[in-house]
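Structure assessment
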Amino acid sequence: MAAHAAHPKPADDPTFQLPASISGLASPLGLSGLMLLVVGVLIGLFAGAGGRFTMSAYLTAFTYVLSISLGSLFFVLIQHLCRAGWSVVVRRVAEMMMIAIPALAILFLPILLTVWMGGGTLFAWGDPNFAADHGVPLVTWAEKTRYLNGTWFTVRSIIYLIAWSAIAIFYFSLSRRQDETGEVTLTERMQARSGPAVIAFSLITTFAAFDWLMSLAPMWFSTMFGVYIFAGSVLAAHCAIAAFVFWLQSRGAIREEVTIEHYHDLGKLMFGFVFFWTYISFSQYMLIWYANIPEETEWFYTRQRGPWATVSIMLVFFHWMLPFLGLMSRHVRRRPALVCFWAVYILVMHFIDIYWIVMPEAGSGLGSLVGIITSVLMTVGMVSLYLGGVLWFASANQVRVLAVRDPRLPESLAFENL
Amino acid sequence: MSDTQANQVHGTYAEFDSVDTLLAACRRVRDAGYTQTDAYTPFPVHGIDKALGIKPTHLPWISLACGLTGVTIGLVMQCWMNGIDYKYIISGKPFISLPAFMPVSFELTILLASFGAFFGMLALNGLPRFNNPLFSKPRFDRATDDKFFLYIDAKDSRYDASGVAQFLTDLGGQHVDQVVEDDTRLTIPKPIWVIVGVLMFVACVPPLVLARMRVTTSGSPRFHVFFDMDFSPAKGAQEISTLFADGRSMRPDVPGTVASGQFEEDIDYYTGIDFEELARRDSSRATRLVRALRDEPDQTPEVSEADAPSEAPAIVDAPSTPVAPGTVDDTPWLPGNPLPLSSAVLNRGREKFEIYCAVCHGNDGRGNGLVNRRAQRILATAWVQPSSLHQETLYAEQYPDGKLFSTITNGIRKMAGYRAQLTAQDRWAVVAYVRALQASQNATLEDLPADKRNELRKEQAEVLQQLAEQAEEERRRAEATSATVAQ
C-alpha cells in the first residue's frame, strides 16, 4: 500500500530526469518532423493540391498539436484552482506540453502570412468577391468584414498567443522554481492566479476557436463552438498526459511515483471527457438540426454529404461509442497499458475530429491523392516536430518529469481511489 | 419482541485505538476465514474493504442495467408515440427521427442509472433500518468520534462466542463484548405520539385553507407575488398608451412607407381577385376592398369624383349591391394560378400542404386528418368536419384558383386563415398542389401523356394476355382430367 510510503525520494533522484533513451529522440524527431512539414507544404503547393487545401491541412495539423497544449494548460490551471492533490505526480508532464505554446506561436506565422497574402486562400472571408459569389447582402457582408478582416484578425491572434504564452510561462517558471526552493508560497501564488487565468483562458480559447476554425465558413456561427473545441482539447490533453507518463515509466522514470491510482483517475477523466465531447457536439448538432434555419444548417449540411457523411457517422461510433464502452469498466481504467491504448486511440480520433472540422471547408471531397499525401506528411511532421520540441526543451533545460518539491507531492504519492 | 428472543446474541465486537491496529486485525480476521464481518470507523479508511475481504460491489452492474433500461424506454416510447401511435409531422421532420429522441433518452438513462445507483446502494446495504443492536452499547457511540470497531456477526458459520472473544482480544481489541438483542422497550414514548399528532394536525391546515379559498369569494384584491410578470409593462394589442399623442400603443406605419417584406404591389396576386374585372363590374366595391387592404382610413374615397359621385355616401355603410347570404358568388376570382407551374412549385405546395393542411384535411385531402379523427373520437360538439377536397363544388370550374387562394388566406367557417403562416407564393403553391391532388384522385387513362398511356396500355395488354393464357391452360388441364376420368 502506497499509503505507508508517502515520502518522496530526494529531488536529485535519477528517475526524476527525462530518461536518456527518450531525450535522445528530441533532435531526430524534431528535425525529421520539420523536414516532413516543409516537404508536405511544398508538395501541396507545387504538385496540385491547391493553396486552400494545403493551408487547411496545415491549419488542421497546427490546431491538433495546439489543442493538446491548450488542454494541458487547462489541466494545470484547473488542478491549481481545485487545490488538487492527486495530480501532482502527473502535472509536470502537462506543464512540459503546455510550455510548447510560445513555440507554437511561431508555427502560426504561415497562417498569418496566408491571410496577409489575401484572396481568401485559407479563410474565405479574405476573398473580396465572397459576398457577390455567395449571394450575401452587401450590408451584412460589410458588418461581417468589420470583424473578419486581415488586420483585426492578426491583432486578435497575437493577443491570444501572447496571453496563452504568458499564462503558460508563468505557471511553468513558478513550478520549476519550486523544484529548487520548495517554497509553499509559490503554490499559493499559482493558486491565487488560477481563477482569473481560467476565465481568461476560456474566453481566449473560445474566441480563437471562432476566429481560426469557425470563420472558415464565414457566414456560419454557433455559440457552442468554443466549448466544442475546448471539450476536444481537454480530452486530448488527458490522453496525451496518460500516454506520455506511460512512455516515461516504460523507460524507467517515475515508476514508483505514478501508480495505478493515477491512471485510474486519468482514465476516469478520459471517460468523462469522451462523453462531454459527445454531449457538446451532439447538442450543437441537435439544436441546429431541429431549428433547421438555413444560415445555421450550412455547416452540417456540408458534413453530411458525400464522403464527409461517412466521417461524421464514424465520429459518432469511434469517437464516442467505442471509447465510451471501452473505458466504462473500472478494470480497464486500472490497467495502465489499457489506459495508454485508449489514450493513443482517442488521440487519433481527436485528429479525425479536427480534420472533420477544418477540411470540409477546403473543398467538396476528401481531397486528391496528392492532397492526402500532403495532409499525412504535414500531420506526421507537425506531431513529430511538436514532440521533438517538447523533449528538446525539457532535456536542454534539465526539466525534471516530476514536481519534486510540490507541497502536495506526499498527498499525491499516497493517493488512493476509494 | 418476545422474551425468548430478548437475549439472542447478534455478534461480538471489539474496540481499536488506531487505523493501523484495526487494519491489522481485519486482515487476521479475514485470513481466519470469517466472512460475516464489519468494521466501523469515524472516517473512510482506504483499503479496509480489501482488508476485510469484502467482494467488489455489484452496484455498477445494477446502475448499468438501469441505465440501459432507461435508454430503451426512452427510445421505444418515443418511437411508438411519434412513429406509430400518434403520427404527427413536427417541423417537417420524419416520424422516427433519432436526433430528436436523444435528449429524452439521455435524461431517462441518467435518471434511471442514478435511481439504480441510489436505491441499489440502499438495498445492498440493507437500508433503511431503524435500529442496529450495536447501538445498545454506549461505547459504540465513539465509532463516530475517535474509536475503531470490528464486529463479527453470529451468523458467521465459524462463529463461536468464547472463541471469537478470545481471538479478538488476542488481536489487540479492547472492551471485547457480545452484542445481544436490544431489550429497550418497544413502545413508542407518549411525547412522540403527541408531537406526531400535532404535526399531522398542522399539516392539515394549508390544504383546508386552500380548499376553503377554492369555494369562497374574497373582496380583497389578489396578492401578486411577481407584480411585473402579472402586469407586463409592455403594451398588448388594442391597449392605450400614454407615450403617444394619439394614445395608440400599436403604432401605424409611418405614412408613405411599407414594412420590409410587406409590399404587396400586385393586388391580384395577394387577393386572388381580378381587380380590373371587379372595378368594371362594381367599382365602389373594388375601391372599398383596396382601401381595406391598403390599411387606409375608411373615409370618403377620393376617387369617388371620378367614379360615381352619387354613389359615394353609400360606400361607407353598405355595399352598393348587397349580396344576401346564400346567393351566387359573383366575385371575379382569378381563374388560374399566377405561378408558373413546375415540379418545384408542386413539391413546395405538397410540403406546405402536408405541414399545414393535412392535419385536418388528411394527406389525401379527403377531410379525415388526424385532428378530425381525434375530434370524432372525443365527440367534440363544436367540430365542423373539414371539407373533402374531392367534390365537384371544389373543382376549378366551380371554385376558381383565386377563390381557393382567398380561402387559404382568410379562412372559411371554422378554418383559420393561413396568411400569417404561409407566404403568398406558398399559398399559390398549395393551390397548385390541391389541383394536382384533385386530379390524382379522379384521373382517367386519357389524362396521361401519350407515351405513358401507350406504356400502360401495353402493360394492360400483357396482363390480359397472361390471364387469357392461364385460363386456357386451366381449361386444357380440366379437359385432360375429364378425359382420363371418362376413360
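Residues numbered from 1 in each chain as written. Chains lettered and ligands numbered in written order. Predicted model: local features only at pLDDT ≥ 70, side-chain atom pairs only at ≥ 80, totals over all residues.

The helix and strand inventory of chain A stands at 18 helices and zero strands. For chain A, buried positions account for 45% of its 418 residues. When contacts within chain A are restricted to residue pairs at least 6 apart in sequence, those whose partners lie at least 24 apart make up 84%. (Helix = DSSP H or I, 4+ residues; strand = E, 2+ residues; numbered from the N terminus. Buried ≥ 20, exposed ≤ 12 C-beta atoms within 10 Å, placed from the backbone. Contact = placed C-beta atoms within 7 Å.)

On to the overall build of chain B, then. If you tally the helices and strands in chain B, you get 17 helices and six strands. Taking all 487 residues of chain B together, the buried fraction comes to 18%. Within chain B, contacts between residues at least 6 apart in sequence are counted, and of these 69% link residues at least 24 apart.

What follows concerns the interface of chain A and chain B. Chain A puts 10 residues into the contact, and the matching count from chain B is seven residues. Among the residues making up the side of chain A that touches chain B, the classes are represented as eight nonpolar, one polar and one charged. (Nonpolar A, V, L, I, M, F, W, Y, C, P; charged D, E, K, R; others polar.)

Here we come to the packing of helix α14 (residues 306–326) of chain A against helix α16 (residues 336–358) of chain A. The relative placement of two packed helices comes down to the angle between their axes together with the axis-to-axis distance. Residues and elements named next belong to chain A. Contact pair α14 / α16: the axes reach a minimum separation of 10 Å and the direction vectors enclose 160°. What the angle tells us is that α14 and α16 run roughly antiparallel. As for the relative orientation of α14 and α16, their crossing is left-handed in sense. Across the interface between the two elements, Val 311, Ser 312, Leu 315, Phe 318, His 319, Pro 323 and Gly 326 of α14 pack against Trp 342, Tyr 345, Ile 346, Met 349, Ile 352, Asp 353 and Trp 356 of α16. The class makeup of the residues in the contact of α14 with α16 is 10 nonpolar, three polar and one charged. (Axes fitted to C-alpha atoms, helices over the stretch in contact; angles between N-to-C directions. Parallel < 35°, antiparallel > 145°, perpendicular 65-115°, else oblique. Left-handed = near helix turned anticlockwise from the far one by under 90°.)

Moving on, we get to the pairing of strand β1 (residues 9–16) of chain B. Residue and element names in this part refer to chain B. With six of its eight residues buried, β1 lies for the most part within the structure. In this structure, β1 lies alongside strand β4 (residues 174–180), joined through five bridges in antiparallel fashion. Note on β4: the bridge partner recorded for Gly 11 is Val 179. In terms of strand pairing, β1 meets strand β3 (residues 148–153) through six bridges, oriented antiparallel. Residue Ala 14 lies in a different strand from β3, and its bridge partner there is Leu 150. (Pairing = 2+ DSSP bridges.)

This part takes up the sheet that holds β3(B). All names here are of chain B. In spatial order, the strands read β2-β3-β1-β4; together these four strands make up an open sheet with antiparallel pairing. Both outer strands of the open sheet, β2 (37–40) and β4, are each paired with one neighbouring strand and no more. Between one strand axis and the next, the sheet turns through 20° on average, direction left out of account. Each of β1, β2 and β3 touches helix α1 (residues 19–31); the most contacted strand, β3, lies at about 15° to it. Contacting β1, β3 and β4, helix α5 (residues 161–170) runs over the sheet at an angle of about 10° to β1.

Residue and element names in this part refer to chain A. Interaxial distance between helix α12 (residues 260–291) and α14 falls to 9 Å at its minimum, and their mutual angle equals 150°. With respect to their mutual orientation, α12 and α14 come out roughly antiparallel. Two packed elements cross with a definite hand, and for α12 against α14 that hand is left-handed. Of the residues in α14, those touching α12 at Val 274, Phe 275 and Thr 278 are Trp 320, Pro 323 and Phe 324.

Further remarks concern unusual backbone geometry. Residues apart from glycine generally show negative phi values, whereas peptide bonds are mostly found in trans. A cis amide bond links B:Leu127 to the next residue, B:Pro128, at an omega of -5°. Along the polypeptide, B:Pro128 turns up in the loop between α4 (98–124) and β3. In this model, A:Gln398 sits at a positive phi of 55°, which is unusual for a non-glycine residue. Mapping A:Gln398 onto the fold places it in the loop between α17 (369–396) and α18 (409–413). Its identity as a non-glycine residue notwithstanding, B:Gln238 has a phi of 65°, on the positive side.

On to the nonpolar core, then. Residues and elements named next belong to chain A. With 120 residues, the main nonpolar core has Val 65, Leu 73, Met 98, Leu 235, Ile 241, Ala 242 and Met 270 as its most contacted residues. For this core, the element with the most residues is helix α11 (residues 225–250), which contributes 18 residues. Dropping the residues within four chain positions of it, Ile 241 is found in contact with Ser 72, Phe 75, Val 90, Val 93, Ala 94 and Leu 266. (Core = buried A, V, L, I, M, F, W, Y, C linked by C-beta atoms within 7 Å.)

Our next topic: the environment of A:Met382. Residue and element names in this part refer to chain A. Looking at the element boundaries, Met 382 is found in helix α17. Given 26 C-beta atoms within 10 Å, Met 382 falls into the buried group. When the C-alpha atoms of Met 382 and Phe 62 are compared, they prove to be 7.0 Å apart, with 320 residues separating the residues in sequence. What Met 382 contacts, discounting residues up to four positions off in sequence, is Gly 33, Leu 37, Ala 61, Phe 62 and Val 65.

All right, on to helix α4 (residues 88–98) of chain A then. The element α4(A) is largely enclosed, with a buried count of 11 among its 11 residues. Buried within α4(A) we find A:Val88, A:Val89, A:Val90, A:Arg91, A:Arg92, A:Val93, A:Ala94, A:Glu95, A:Met96, A:Met97 and A:Met98.

Here we come to the pairing of β3(B). Residue and element names in this part refer to chain B. For β3, the buried fraction is high: five of the six residues fall into the buried class. In the sheet, β2 pairs with β3 via four bridges, with the strands oriented antiparallel. If you follow Thr 37 over to β3, its bridge partner there is Ile 152.

This brings us to the confidence of the model for chain A. All names here are of chain A. Chain-level pLDDT for chain A is 92 on average; 98% of the residues reach the 70-or-more range. The secondary structure element of chain A with the lowest average pLDDT is helix α7 (residues 130–134), at 88, and the one with the highest is α11, at 97. Segment residues 1–5 is flagged for pLDDT under 50; beyond a separation of four residues in sequence, or across chains, it makes eight contacts in the model. (pLDDT = per-residue confidence, 0-100.)

Residues and elements named next belong to chain A. Checked against the element boundaries, Val 370 lands in helix α17. Residues Val 370 and Ala 47 lie 323 residues apart in sequence; the distance between their C-alpha atoms is 7.0 Å. Setting aside chain neighbours within four positions, we find Val 370 in contact with Ile 43, Ala 47, Gly 48 and Ala 49.

This part covers the confidence of the model for chain B. Residue and element names in this part refer to chain B. The share of residues in chain B with pLDDT of 70 or more is 91%, and the mean pLDDT across the chain is 84. Counting contacts from residues 1–6, a segment whose pLDDT is below 50, to residues more than four positions away or on other chains yields six contacts. Below pLDDT 50 for its whole length, residues 300–323 participates in 23 contacts with residues either more than four positions away or in separate chains.

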